[in-house]
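Observations on the model geometry
If you want the building blocks of each chain, they are given just below.
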Amino acid sequence: MGIVMGPNQYGKAEVRIVSVDRSTPRHTLKDLNVSSSLRGDLDAAHLTGDNGNVLPTDTQKNTVYAFAKEAPIGEIEDFALRLGRHFVGTANGITGARILIDEYNWERIPVGGTGHDHSFSRANDEKRTTAVTIDGDRAHVVSGLKDLVVLKSTGSEFWGYPKDKYTTLAETNDRILATAVTARWRYLHTDVDWGKSFESIRSTMLEAFATTHSLALQQSLYEMGKAALDKHPEVAEVRLSLPNKHHFLVDLQFCGLENDNEVFFAADRPYGLIEGIVKRDDVDDEPQAWYSLAEF
């Protein structure tokens, strides 16, 4: 019985880059967190310390900065495709690349009813995301968002669940439903208007969350994914991770007050975590997936 090196990758994680387009007096801001991972003929590096095919992670970092200067970043999917194809096409022994990008959203500060030319604010923690995999001459794109906090003050129930001697949760037919959405959707090809597709999928899932009378967060998850797939034939599947941001009704009987679903305690932990994949039944699973061990 021998010992061999299994699948492996290496790269530069979380390269923070802010790029300002100053080509006009009205500046455009791109704020990104970029991670790169490379795969290929790297056995020698692990077995004997031969770095002949190991493009330094510092070089990967510098490439991110240089690419942002040499051409406009544009949509994060296009930027990731350019980076991944560059590494596979130019680095010795590298046959695959995976580029992960989070984009932070900055909004123009309104001045006199109009967004200011060069002053911005960040309103929330929501991030647009993409994960681009280059495998030889093939490209796979998974885009999405995370930390999108949403809440329904009614239109949600939870009852009919099994109970045992450890159950203390009371059934309810009217509750607050809140979550912080992490969503990823896999595209079937790369001939996509990335910005338009992202905005449409985001708004479609938000509308489904708002309009679904939910008997379980699982039901909301399915309806959000289904709505996105119904409207977007370019998408093969939607993966959703929805932590249940619990809001518990406060008992005000101690001071003689009736609490008619008006005052709640917002608990940050522990929380329920609902996850699932909504997919087309006639589309194959993602080829050569490059998920990290911790990635959903």
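Counting from 1, residues in each chain are numbered in the order their sequence is written. Under the rules for a predicted model, residues below a pLDDT of 70 receive no local features and side-chain atom pairs below 80 are neither given nor counted, while totals for whole chains, interfaces and linings still include all residues. Only hydrogens and water are removed before side-chain values are computed, so all heavy atoms of the structure are retained for them.

Per an unreviewed UniProt entry, the protein chain goes by the name Uricase and belongs to Saccharopolyspora rosea. UniProt positions are given in the numbering used here, feature names are shortened, and annotations may be inferred rather than shown by experiment. Annotation of the protein chain in UniProt includes, under Function (unreviewed entry), the sentence "Catalyzes the oxidation of uric acid to 5-hydroxyisourate, which is further processed to form (S)-allantoin."

1. Topic: the nonpolar core
If you look at the biggest cluster of nonpolar residues, it comprises 52 residues, and the most contacted ones within it are Val34, Phe79, Val181, Trp185, Met205 and Leu240. Tallying contributions element by element places helix H3 (residues 76-90) first for this core, with seven residues. Buried residues of nine kinds, namely Ala, Val, Leu, Ile, Met, Phe, Trp, Tyr and Cys, make up a nonpolar core once their side-chain atoms join them within 4.5 Å. Only protein chains enter the accessibility calculation, which uses a 1.4 Å probe; a residue whose area is less than 20% of its type maximum is buried, one above 50% is exposed, and one in between is partly exposed. Segments assigned H or I by DSSP are reported as helices when at least four residues long, segments assigned E as strands when at least two residues long, and all are numbered from the N terminus.

2. Looking at the side chain of asparagine 33
Mapped onto the elements of the fold, asparagine 33 is located in strand E2 (residues 28-40). Think of a polar contact as two N or O atoms within 3.5 Å of one another; within protein, one of them needs to be a possible hydrogen donor and the other a possible acceptor, and neighboring residues in sequence only count if both atoms come from side chains. Separated by 3.5 Å, the side chains of asparagine 33 and glutamate 14 make a polar contact. When near neighbours in sequence (up to four residues on either side) are disregarded, asparagine 33 contacts Glu14, Val15, Arg16, Leu100, Ile101, Asp102 and Tyr104. Here a residue-residue contact requires only that any non-hydrogen atoms of the pair lie within 4.5 Å.

3. Focus on the pairing of strand E9 (residues 235-244)
Most of E9 is tucked away: 10 of the 10 residues are buried. One bridge is not enough; two strands pair if DSSP finds at least two bridges between them. The pairing of strand E8 (residues 177-187) with E9 spans seven bridges and is classified as antiparallel. Within E9, the residue paired with threonine 179 across the bridge is asparagine 244. With eight bridges connecting them, E9 and strand E12 (residues 272-279) associate as antiparallel partners. Across the sheet, the residue bridging to arginine 239 is isoleucine 277, located in E12.

4. Topic: the pattern of salt bridges
Criterion for a salt bridge: a side-chain nitrogen of Lys or Arg within 4 Å of a carboxyl oxygen of Asp or Glu. If you walk through the whole model with that rule in mind, you get 15 salt bridges. The partner of aspartate 147 in a salt bridge is lysine 127, with the nearest N and O atoms 2.7 Å apart. Pair noted here: aspartate 147 is in strand E7 (residues 138-152) and lysine 127 is in strand E6 (residues 127-135), with a separation of 20 residues, a long-range link. Given the relative accessible area of 32%, aspartate 147 is considered partly exposed.

5. Focus: the sheet that holds E8
If you trace the eight strands from one edge of the open sheet to the other, you get E1-E2-E3-E6-E7-E8-E9-E12, paired in antiparallel fashion. Every interior strand has two partners, whereas the edge strands, strand E1 (10-21) and E12, have only one. The average angle at which neighbouring strand axes cross in this sheet is 15°, direction not considered. Along the sheet face, helix H2 (residues 57-70) touches E1 and E2 and points at about 20° away from the line of E1. A fitted line through C-alpha atoms serves as each axis, taken over the contacting stretch for helices, and the angle formed by two N-to-C directions is quoted from 0 to 180°. Running at roughly 35° to E7, helix H4 (residues 194-211) makes contact with E6, E7, E8 and E9 of the sheet.

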